[in-house]
Amino acid sequence: MNFTLEKWNARFIDDIAACANNKKIAANLRDVFPYPYTRADAEGYVAMCAADDESRQICRAIVIGGRAVGSVGVFCGADVYRRSAELGYWLAEEHWGGGVMTEAARRICTAAFEAFDIVRIEAEPFAHNAGSRRVLEKLGFVLEGIKRQSVCKYGEIYDSCIYALLRT
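Residues numbered from 1 in each chain as written. Predicted model: local features only at pLDDT ≥ 70, side-chain atom pairs only at ≥ 80, totals over all residues. Heavy atoms only, no water.

A. Spatial organisation of the overall build of the protein. Within the protein one finds 5 helices and 7 strands. For the protein, the succession of helices and strands along the chain, N to C, is β-α-α-α-β-β-β-α-β-α-β-β. At 15 Å, the protein has a C-alpha radius of gyration in line with the 15 Å of a compact globule built from 168 residues. Oriented by its inertia axes, the alpha-carbon framework of the protein measures out at about 40 × 35 × 30 Å. Taking all 168 residues of the protein together, the buried fraction comes to 43%. Taking as baseline every contact in the protein between residues at least 6 positions apart, the subset at least 24 positions apart corresponds to 62%. Summed over all atoms, the accessible surface of the protein reaches about 8,900 Å², with 51% contributed by carbon and sulfur. (Helix = DSSP H or I, 4+ residues; strand = E, 2+ residues; numbered from the N terminus. Rg over C-alpha atoms; globule rule 2.2 N^0.38 Å. Buried < 20%, exposed > 50% of the residue type's maximum accessible area, 1.4 Å probe, protein only. Contact = heavy atoms within 4.5 Å. Areas by Shrake-Rupley, 256 points an atom, 1.4 Å probe, with all protein chains shown as cover.)

B. Structural view of helix H5 (residues 130-138). All of the buried residues in H5 are Ser-132, Arg-133, Val-135 and Leu-136. Taken around the axis of H5, the buried residues stretch over an arc of 155°, which confines them to a single face. Considering only its buried residues, H5 is in contact with strand E4 (84-91), helix H4 (100-115), strand E5 (120-123), strand E6 (142-153) and strand E7 (156-166). Immediately beyond the C-terminal end of H5, within one or two residues, lies Gly-140, with a positive phi of roughly 95°. (Arc of directions from axis to C-beta.)

C. Inspection of the pattern of salt bridges at higher detail. Considering all chains together, one arrives at 13 salt bridges under this definition. For Lys-147, the salt bridge goes to Glu-124, with nearest N and O atoms at 3.2 Å. With Lys-147 in strand E6 and Glu-124 in the loop between E5 and H5, this pair connects stretches of sequence that are 23 residues apart. Using a relative accessible area of 38% as the deciding quantity, one classes Lys-147 as partly exposed. (Salt bridge = Lys/Arg side-chain N within 4 Å of Asp/Glu carboxyl O.)

D. A look at the packing of aromatic side chains. Summed over the entire model, instances satisfying the criterion amount to 5 aromatic pairs. Measuring from centroid to centroid gives 5.9 Å for Trp-8 and Phe-12, while their planes differ by 90°, and the two rings are edge-to-face. Summarising the burial analysis for this pair, Trp-8 and Phe-12 share the class buried. For the ring pair Phe-33 and Trp-90, a centre distance of 5.3 Å and an interplane angle of 65° mean the geometry is edge-to-face. Within this pair, whereas Phe-33 is found in the loop between helix H2 (23-26) and helix H3 (39-51), its partner Trp-90 is found in strand E4, the two being separated by 57 residues in sequence. You'll find Phe-33 and Trp-90 in the same group, each marked buried. Here a set of aromatic residues connected by ring pairs shows up, and it is made of Trp-8, Phe-12 and Tyr-45. Seen from the ring of Phe-3, Arg-107 lies directly overhead, with NZ or CZ sitting 4.1 Å from the centre. (Phe/Tyr/Trp six-rings, centres within 6.5 Å; stacked < 30°, edge-to-face > 60°. Lys NZ or Arg CZ within 6 Å of the ring centre and 35° of its normal.)

Shape is all these values report; function is a separate question.
Okay, structure coming up:
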């Protein structure tokens, strides 16, 4: 499991355009992650991440062998949720099941707790996404509840899960 977490820059655009164009990845993410995933989508995503000043989020490319193969980030809430943050991630299919995402998420959560005045990081995977749920459970995230029929993806209604990791 040899990878780095790196700040986003334009050299990752082609990598992301190639590995993100996978319906299996998009099927488990919010609609903001499109399928098909085009080079223009990759350009927009990389530009947005690279421009961030990191005052309220940390987002990194997961890099293996010099290529970006996924993304992991923690995004702080606002208003009454200002002491909470959300973990988001995805990984190229060829790297599923190898422990990369578990370690990447561990590193980004540690960095977020160090960088921000937050007490909680939460994640909301679709209930049927066993791999994503396993990542969270390995990190000590606790299942707080299941939101029944909360997600509509590709015309289907699914449950989602609320997991949280507390600072203490």
